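Residue-level structural notes
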Amino acid sequence: MLATSLFALTVWLRAEPGFNEWLKILQAEAFYIGVYILIAISIIMMAVSFLGCLSALMENTLALFVFIGTQIFGFLISIVGSALLMQYSTMHSSLQPLLQTSLSNFVSTSEQPYSSYVLNMIQENVGCCGASGPWDYLNLRQPLPSSCRDTVSGNAFFNGCVDELTWFFEAKTSWIVAIALGLAMLNVISAVMSLVLVQAVKKEEEEVQAYRR
């Protein structure tokens, strides 16, 4: 169930049209590295779950050892995928320099139609101004665009789009990382319980052999 939930959320995040378009425009598609890893491990864990059930029912020690190996592998990959996803979706991460570079370039060329379109789209939807704040426009002696201002109060948004987009991405990925870490913890529990079952099966076999003698 955890693996299925992780698969559904990661595929939804990857397939979301607007989100995908923003990352492509901002040249921050490295964000998807962790998503791809978590999609792959969720598929593997969904398949491996049946192996665990069958090996436990059959009390087959070889199958149980294979299952333990897959659980250790799943734990490691889930941790790596979560770490990479957080590396491109949290404050002070590798995402922010990418956003800073892209947004600064758009601000410096804001007189061009495409740059103006991108900035207006992001600033209106997220509620931010410039890369670091309104002073990005002021330092270039450019007027603040209307998308930089709150439609109710008319005041300029104080936060820059780098911070606001990072908080936006962080909110998108928090549940995915939580489920991935939960799955990693379950991998450890499953591996330990399978090892206990292996020991119990071996002990039972030894008792049967001793009884036959």
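Looking at an unreviewed UniProt entry, one finds the protein named Tetraspanin, with Musca domestica as its source organism. UniProt, in its Sequence similarities (unreviewed entry) section for the protein, records the words "Belongs to the tetraspanin (TM4SF) family." The protein has a UniProt comment under Subcellular location (unreviewed entry) that states "Membrane".

1. Points about a nonpolar patch on the surface
A cluster of nonpolar side chains, Leu2, Met185, Leu186, Ile189 and Met193, forms an exposed patch at the surface whose accessible area comes to about 470 Å². Here the element with the most residues in the nonpolar patch is helix 8 (residues 161-212); it accounts for four residues. On the secondary structure map, Met193 appears in helix 8. Taking relative accessible area as the criterion, Met193 reaches 57% and is therefore assigned exposed.

2. Structural notes on the packing of aromatic side chains
A complete count under the given rule lists seven aromatic pairs for this structure. Where Trp22 meets Phe168, the ring centres are 5.7 Å apart and the plane angle is 40°; that geometry is what we call tilted. With Trp22 in helix 2 (residues 17-25) and Phe168 in helix 8, this residue pair connects regions lying 146 residues apart in the sequence. By relative accessible area, which is 10% here, Trp22 ends up buried. By relative accessible area, Phe168 is classed as partly exposed at 30%. With 5.8 Å between their ring centres and 40° between their planes, Phe31 and Phe169 make a pair best called tilted. Of this pair, Phe31 sits in the loop between helix 2 and helix 3 (32-58) while Phe169 sits in helix 8; the two residues are 138 residues apart in sequence, bridging distant segments of the chain.

3. Focus: the state of the cysteines
Two cysteines joined by a covalent bond between their sulfur atoms form a disulfide. Within the structure shown, the criterion is met by two disulfides. A sulfur-sulfur distance of 2.0 Å marks the disulfide that ties Cys128 to Cys161. On the sign convention where negative means left-handed, the S-S torsion of about 85° between Cys128 and Cys161 marks this disulfide as right-handed. Residue Cys128 is found in the loop between helix 6 (113-126) and helix 7 (135-139), and its partner Cys161 is found in helix 8; the two are separated by 33 residues along the sequence. The exposure classification of Cys128 matches that of Cys161, with both residues buried. With a sulfur-sulfur separation of 2.0 Å, Cys129 is cross-linked through a disulfide to Cys148. Around the S-S axis, the bridge from Cys129 to Cys148 shows a dihedral of about 95° and counts as right-handed.

Thresholds applied
- Residues numbered from 1 in each chain as written.
- Predicted model: local features only at pLDDT ≥ 70, side-chain atom pairs only at ≥ 80, totals over all residues.
- Heavy atoms only, no water.
- UniProt positions renumbered as here; feature names shortened; annotations may be inferred.
- Patch = residues over 30% accessible without salt bridge, like charges linked within 9 Å, V, L, I, M, F, W, Y side chains within 5 Å.
- Areas by Shrake-Rupley, 256 points an atom, 1.4 Å probe, with all protein chains shown as cover.
- Salt bridge = Lys/Arg side-chain N within 4 Å of Asp/Glu carboxyl O.
- Helix = DSSP H or I, 4+ residues; strand = E, 2+ residues; numbered from the N terminus.
- Buried < 20%, exposed > 50% of the residue type's maximum accessible area, 1.4 Å probe, protein only.
- Phe/Tyr/Trp six-rings, centres within 6.5 Å; stacked < 30°, edge-to-face > 60°.
- Disulfide = S-S within 2.5 Å.

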